[in-house]
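Per-entry structural report
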Amino acid sequence: MDKTTYSPRTLAVHAMGAIDPITKAVVPPIHVATTYIRDEDNAYSSGYCYGRPDNSTIREAEAVLAHLEEAEAGALLFGSGMAAATAVFMALEPGAHVIAPKVMYWALRRWLFEDAPALGLSVTFVEMDSLAQIEAAIRPGKTKLIWAEVPSNPLWTITDIRAAADLAHAHGALFAVDSTVASPFHTRPLTLGADVVMHSVSKILNGHSDVIGGVLMAAKDDAYWARVKRIRSAIGSILGPFEAFLLMRGLRTFHLRAEAQAKAAEALAKRFAAHPLVAQVLYPGLPQHPGHDVAAAQMENGFGYMISIRVSGGEAAAIATAAKVKLWKRATSLGGVESLIEHRASIEGPGTPCPSDLLRLSIGIEDVEDLFNDMDQALKAARG
């Protein structure tokens, strides 16, 4: 299909026009082969040689993702979001200094604390919504990467992507964005100056809580991007073909789901903000959120599907509220069609920057009234 004729939404529905050339099936087959026939001259005219670095089904999903994110250098699918995210850091030269958010996805934050130093990397954590803090943390000649998560999990802090990218580039550093929560439906960081964008495709891009995967996309096909490609090939961290097939299925309805979930999240955020048993609602779509103005300038089609609420009565009331829900699912992850609730401080454990009275909510596609009523009864039941 002509990418200049149709919108990203239409191209995602049609998987970029992929049709099985033999059967003419509108859903392409899953290619599971691990090895391929050589030509008589020992070349691979098909373009495929072995399953560890490459696969036809994965290429099809990567093409859709790259178009959604406007990634000139293309997309690379990984076996998990963590595999994708850590590859960004592993592709740096030993001795590099990186800057990351104080509040971010906990597993990657822990990896940066515990494992990155063994690779010769040093990390400084800052409040990523403060350009002054980012600039103060830069070490001239040493800082090679600034990593942002926008919005950041679970406080939904907003970084000014364009301003932070300009700051990074002025000091010779790359700027990478974990845009899992925003998704390309709301934000396309590469168009705002980022060099690399990362997504956990396990979340809203797939949307059905049945795929573990991650993706990296880049603005330039340069030496750094070549190192990322080599890392994925060398350590065998490519996504499996069946998972790529499921991801393609999810991408066909991505825009419908993202639109519905953002509308539901905004409606619920406003209602929770007025609830007498909710002390605070953290959602960038609310005017009182400290990052609202920046979010409004760089996000489209709403503000995403993630909300956090701080429950009146502290940690005990928050945990009790999560225990009393009937419709919301007490489970990790986010972005699926079912709404989830989680007490993040319990999950993250000692050292977490997450307030102990906070509940993280991932909004699905259920009826908004049902979701609100269930949370309302849980908040009240938690008070006995």
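An unreviewed UniProt entry annotates the protein chain as PLP-dependent transferase of Falsigemmobacter faecalis. Taken directly from UniProt, the Cofactor (unreviewed entry) text for the protein chain runs: "pyridoxal 5'-phosphate". Under the UniProt heading Sequence similarities (unreviewed entry), the entry covering the protein chain gives this text: "Belongs to the trans-sulfuration enzymes family."

Remarks on the overall build of the protein chain
Along its length, the protein chain carries 14 helices and 12 strands. Taken against the 2.2 N^0.38 rule, which gives 21 Å for 384 residues, the C-alpha radius of gyration of the protein chain at 21 Å falls within 12% of a compact globule. Along the longest, intermediate and shortest principal axes, the C-alpha atoms of the protein chain span 75 × 55 × 35 Å. Residue burial in the protein chain is summarised as follows: out of 384 residues, 54% are buried. The long-range share in the protein chain, meaning contacts at least 24 apart out of those at least 6 apart in sequence, stands at 71%. With the model as given, the accessible surface of the protein chain reaches about 15,900 Å², and the carbon-plus-sulfur share is 55%. Distance from the positive charge centre (35 side chains) to the negative charge centre (41 side chains) of the protein chain: 3 Å.

Brief notes about the side chain of Thr 57
Position of Thr 57 relative to the elements: it lies in helix α2 (residues 56–69). Residue Thr 57 is classed as buried on the basis of its relative accessible area of 2%. Excluding anything up to four places from it in sequence, Thr 57 contacts Pro 29, Ile 30, His 31, Pro 241, Ala 244 and Phe 245.

Things to note about the side chain of Thr 157
The topology assignment puts Thr 157 in the loop between β4 (143–149) and α6 (161–170). Beyond its immediate stretch of four places on either side in the chain, Thr 157 contacts Asp 129, Glu 149, Val 150, Pro 151 and Ser 152.

Digging into the sheet that holds strand β10 (residues 329–330)
Spatially, 5 strands are ordered β8-β9-β12-β11-β10 in an open sheet, and the strand pairing comes out mixed. Two strands in the sheet have a free side with no partner beyond their single neighbour: β8 (278–282) and β10. Its contacts with the sheet put helix α12 (residues 314–324) on β9 (306–311), β10, β11 (340–342) and β12 (358–362), and the angle it makes with β9 is roughly 125°.

Focus: the UniProt feature "modified residue: N6-(pyridoxal phosphate)lysine" (unreviewed entry) in the protein chain
The positions that UniProt labels "modified residue: N6-(pyridoxal phosphate)lysine" (unreviewed entry) are, in the present scheme, Lys 203. Mapping Lys 203 onto the fold places it in the loop between β6 (196–200) and β7 (214–218). Beyond its immediate stretch of four places on either side in the chain, Lys 203 contacts Thr 180, Tyr 305, Ser 333, Leu 334 and Gly 335.

Topic: the layout of surface pockets
Its boundaries defined by the atoms lining it, the largest pocket holds a volume of some 420 Å³. The wall of the largest pocket is formed by 27 residues, among which Tyr 105, Asn 153, Ser 200, Lys 203 and Leu 334 lie closest to the centre. Contributing elements (two or more residues each) for the lining of the largest pocket: α3 (81–90), α4 (106–114), β6 and α13 (344–348). Here the lining of the largest pocket takes 3 residues from α4, the largest share from any one element. The class makeup of the residues in the lining of the largest pocket is 10 nonpolar, 10 polar and 7 charged. Here the lining of the largest pocket gathers at least three residues from each of two domains, domain 1 (8–249) and domain 2 (254–383). Roughly 260 Å³ of volume is contained in the second largest pocket. Lining the second largest pocket we find 17 residues, and of these Asp 129, Leu 155, Thr 157, His 289 and Pro 290 sit closest to its centre. Residue composition of the lining of the second largest pocket, grouped by class: 8 nonpolar, 6 polar and 3 charged. Split by domain, the residues of the lining of the second largest pocket number at least three in each of domain 1 (8–249) and domain 2 (254–383).

Quick notes on the sheet that holds strand β2 (residues 97–101)
A sheet is described by the order of its strands in space; here 7 strands give the open sequence β1-β7-β6-β5-β4-β2-β3, paired in mixed fashion. Looking at the sheet topology across the chains shown, the edges are occupied by β1 (75–78) and β3 (122–126). For this sheet, the mean inter-axis angle between neighbouring strands, taken without regard to orientation, is 20°. Pairing analysis gives 5 bridges linking β4 to strand β5 (residues 174–178), with the strands arranged parallel. Bridge pairing in β5 places Ile 146 opposite Phe 175. This element, α3, spans β1, β2, β4, β5, β6 and β7 of the sheet and lies at about 35° to β7.

With respect to unusual backbone geometry
Peptide bonds are trans in most cases, and residues, glycine excluded, mostly fall at negative phi. Residue Pro 151 follows Val 150 across a cis peptide bond; omega there is -15°. With respect to the helices and strands, Pro 151 occurs in the loop between β4 and α6. Asn 153 connects to Pro 154 through a cis peptide bond whose omega is 5°. With respect to the helices and strands, Pro 154 occurs in the loop between β4 and α6. Residues other than glycine seldom take positive phi values, yet Asn 42 does so here, at roughly 75°. At Ser 209, a position not held by glycine, the phi torsion is positive, near 55°. By relative accessible area, which is 47% here, Ser 209 ends up partly exposed.

A closer look at the pairing of β2
With 5 of 5 residues buried, β2 lies mostly within the body of the structure. Looking at chain direction, β2 and β3 are connected through 5 bridges and run parallel. The partner of Ile 99 across the bridge, within β3, is Thr 124. Handedness of the crossover joining β2 and β3 through α4: right-handed.

Conventions used here
Residues numbered from 1 in each chain as written. Predicted model: local features only at pLDDT ≥ 70, side-chain atom pairs only at ≥ 80, totals over all residues. Heavy atoms only, no water. UniProt positions renumbered as here; feature names shortened; annotations may be inferred. Helix = DSSP H or I, 4+ residues; strand = E, 2+ residues; numbered from the N terminus. Rg over C-alpha atoms; globule rule 2.2 N^0.38 Å. Buried < 20%, exposed > 50% of the residue type's maximum accessible area, 1.4 Å probe, protein only. Contact = heavy atoms within 4.5 Å. Areas by Shrake-Rupley, 256 points an atom, 1.4 Å probe, with all protein chains shown as cover. Lys, Arg positive; Asp, Glu negative; His and termini not counted. Charge placed at Lys NZ, Arg CZ, Asp CG, Glu CD. Pairing = 2+ DSSP bridges. Axes fitted to C-alpha atoms, helices over the stretch in contact; angles between N-to-C directions. 1 Å grid on protein atoms, 1.4 Å probe; cavity = no way out; pocket = protein on both sides within 12 Å on 5 of 7 lines; lining within 4 Å. Points joined across faces, edges and corners; volume = space filled by probe spheres on them. Nonpolar A, V, L, I, M, F, W, Y, C, P; charged D, E, K, R; others polar. Domains from an automatic or database assignment. Right-handed = clockwise from strand over helix to strand, strands pointing away.

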